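Listed here are the chains, written in short residue letters.
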Amino acid sequence: MAASDTQEGGAPAAGGAGQDDEPQPQPELVAAGERTAPDDAPAAPGASEEEEEGEGGAGEEDASGPPRGPGAAGEQPAPDHAPVAPAAAEDEGGARGAVEAEQDDAPESEDEQDVEGEVQEEDGDATEEDEDGEEDDEEDAPTHLPFAPTGEELLDDTTTVDPSYTISLIRKLIPKGSNLEKEFSDKQSPYSDDGEATLPEYKDQWEECGCILWDLAASEPQAELMIDNAILEVLLENLRVADSSRVKEVCLGIMGNLACHESLVDAICLEKGLITTVVDQLFLDDVNCLSETFRLLAAILRSSASVSWAEALLPDEILSRMLWIIGNTVNLTLLEKSIDFISTVIDVQDVIAMLIQPLLKAGLVDHVVGLLTAEIEKSPEEKLDRPGSLDMILRFMEELSAIHSVSEVMSSSDQLMKVLVSMIKSPDKHEVASYCASVVIIISNILTDGKHLVPMLSHDLPFLEGLFDILPVVPDDDQARYALWGTLPRILPQPQETEMNSSFLDQFASLFLGKFTLIKDDLESHVVDEENLSSEDALVLGWTSKCLRAISFVMERWIEEKSSQSKQDAPPTGNSIDDAREVLSYCHKALH
């Protein structure tokens, strides 16, 4: 499918409390070839899972060919992107959850805990009378322990939160002993709380305040207030001086939610040193930090500031690092976020024009092929650890194969064709319709630029048999059916091919006789009005007609050869001449 030229709007995500005072284990990494829909909504902060740590290491379409990728007939919609709310830490490490698209407010925790003296519920059930005399028209601010908030509990933009509360949270994130701390102490905000006492256990307090801000950043009015009160300066300083991976994760999560608001993008980009500092986070070894970095980058690339950030990604070492992460991470969340980032690059016209050739030079295709190969070779038990990862990888490859320059490189990969052909031949393919659809679409796109592959595939009878077997698996997937019928005429023998020995003729006749029912059922279930054809229906009709002529050609030759045999010759076993005549008759009727 051709990559979409439109940009998906992103929404913020929510944050969750985690443990930053305990050293996190180094992410579990595997070499390329041994490894495992993305959202940029503001995300919820979540504690890292210690057992899933892993290091992070538009194209042109053939006008007359089958659809390139998910965007053609029967488009498979891409996921929306909304800010994510922070997730709280659970006993054994909670995973960060993404908020559904179009929800841009921050979540509340399931066990709602009131934040004393700051916000009150609008229904008047206040936890404690506000020291400034505020009435019961304020909601309780979300808290993050002990449970992560759900998508339905995100704060609404109409929620009233005292500006002094938000500002006090920002001040509590200022690194101790930094120049920023002195600057803030010299300033007096119009909403100042007049020197609230510092609470003990600074690290725990920092994380709690950071997660609340992560939540609040999903709300555009709150995000604007944060920007106006130096949140970017505070977050940037923390990224520069903090040793804690959890601190960096929370900072990146807040930034990711802020970046989902288009009105704030210019302010984010104008913060001196921010772009470079964010890009530098790609070289961290923490899974959660890398996931939030990719989410932030994807959100920014969907904005009006996409070009300036894309330029910062051009150095070879940065592109190589991103591709290494995609090809080597064993963490599903990081895989999703990194793939979503590349998908965003594909979707944004100006960005893909700038980055596609450098990405190809850095080994994009090799990394993705290694990723697919490793996933296919996993044991059933390993696949259960990452459900849906194969489908995600194949959908990603659909997008890539829709780009002319990428499909050209793909067509030269013997390893990729070997994997795809083996998937078509697999007896298990009927169990997953989406898997079949993606593989057919990828092969169709590759053959558009890889005509040198046709001779090899046209003599692979088990492969042809596998293609026909897919017809009843994807009857309602217009795009997959479109790609399937666009592929078959390229590799079936055509009338002009007069050199066909008896053995080869027997094999094709047996194939067509065995799959005749599948072919007939598909054609009869997709009858079109030839007087009111859409452009796509017209192409499919042309391809099916070409296939029927190829079948007629083989059947006529086979009937002629078998009929001329003397009675002493052994009759054809398993296939009768009468059956062949029935197939031939059907083809003639369908063509006239």
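It should be emphasised that the depicted structure is a prediction, and the values quoted were computed from it without experimental measurement.

Caption draft 1: Highlighting the state of the cysteines. As enumerated under the stated definition, the model contains zero disulfides in all. Here Cys-211 is not cross-linked by a disulfide; its sulfur's nearest cysteine counterpart is in Cys-209, at 9.5 Å.

Caption draft 2: Highlighting the nonpolar core. Counting 156 residues, the largest nonpolar core has Leu-258, Trp-309 and Met-555 as its most contacted members. If you tally residues by element for this core, the top one is helix α24 (residues 535-563), at eleven residues. If near-sequence neighbours (up to four positions away) are discounted, Leu-258 is found in contact with Ala-217, Ala-223, Met-226, Ile-227, Ile-231, Leu-232, Leu-235, Leu-264 and Ile-268.

Caption draft 3: Geometry of the packing of aromatic side chains. In total, this model carries six aromatic pairs according to the counting rule given. Judged by centre distance (6.3 Å) and plane angle (85°), the rings of Phe-468 and Phe-512 are edge-to-face. Of the two residues, Phe-468 is situated in helix α21 (residues 461-470) and Phe-512 in helix α23 (residues 502-524); the sequence distance between them amounts to 44 residues. You can call Phe-468 buried: its relative accessible area is 1%. Judged by its relative accessible area of 1%, Phe-512 falls in the buried class. With centroids separated by 5.1 Å and ring planes inclined at 50°, the aromatic side chains of Tyr-482 and Trp-543 adopt a geometry described as tilted. One end of the pair, Tyr-482, is in helix α22 (residues 478-491); the other, Trp-543, is in helix α24, with 61 residues separating them in the sequence. The exposure class assigned to Tyr-482 is buried, which follows from its relative accessible area of 7%.

Caption draft 4: Molecular detail of helix α25 (residues 577-591). Its 15 residues place the ends of α25 21 Å apart at the C-alpha level, agreeing with the 21 Å of an ideal helix rising 1.5 Å per residue. Within the span of α25, buried status applies to Ala-580, Val-583, Leu-584, Tyr-586 and Cys-587. Taken around the axis of α25, the buried residues stretch over an arc of 160°, which confines them to a single face. With respect to the buried face of α25, the exposed residues turned more than 90 degrees away are Asp-578 and Lys-589. Of the surrounding elements, those touching the buried residues of α25 are α23 and α24.

Caption draft 5: Unusual backbone geometry, seen in detail. The backbone of Ala-230 sits at a positive phi, close to 65°, despite the residue not being glycine. Here Ala-230 lies in the loop between α4 (220-228) and α5 (231-241).

Caption draft 6: Region of the structure containing the confidence of the model for the protein chain. Looking at the protein chain, pLDDT values average 76 and 67% of them are 70 or higher. Across the protein chain, the secondary-structure element scoring lowest on mean pLDDT is strand β2 (residues 84-86), at 52, and the one scoring highest is helix α9 (residues 287-301), at 97. Considering only residues more than four positions removed or in separate chains, one finds that residues 17-40, a stretch of pLDDT under 50, has 103 contacts. Every residue in residues 87-154 is under pLDDT 50, and counting partners more than four places away or in other chains gives 206 contacts.

What counts, and at which threshold
- Residues numbered from 1 in each chain as written.
- Predicted model: local features only at pLDDT ≥ 70, side-chain atom pairs only at ≥ 80, totals over all residues.
- Heavy atoms only, no water.
- Disulfide = S-S within 2.5 Å.
- Core = buried A, V, L, I, M, F, W, Y, C linked by side-chain atoms within 4.5 Å.
- Buried < 20%, exposed > 50% of the residue type's maximum accessible area, 1.4 Å probe, protein only.
- Helix = DSSP H or I, 4+ residues; strand = E, 2+ residues; numbered from the N terminus.
- Contact = heavy atoms within 4.5 Å.
- Phe/Tyr/Trp six-rings, centres within 6.5 Å; stacked < 30°, edge-to-face > 60°.
- Expected span 1.5 Å × (residues − 1).
- Arc of directions from axis to C-beta.
- pLDDT = per-residue confidence, 0-100.

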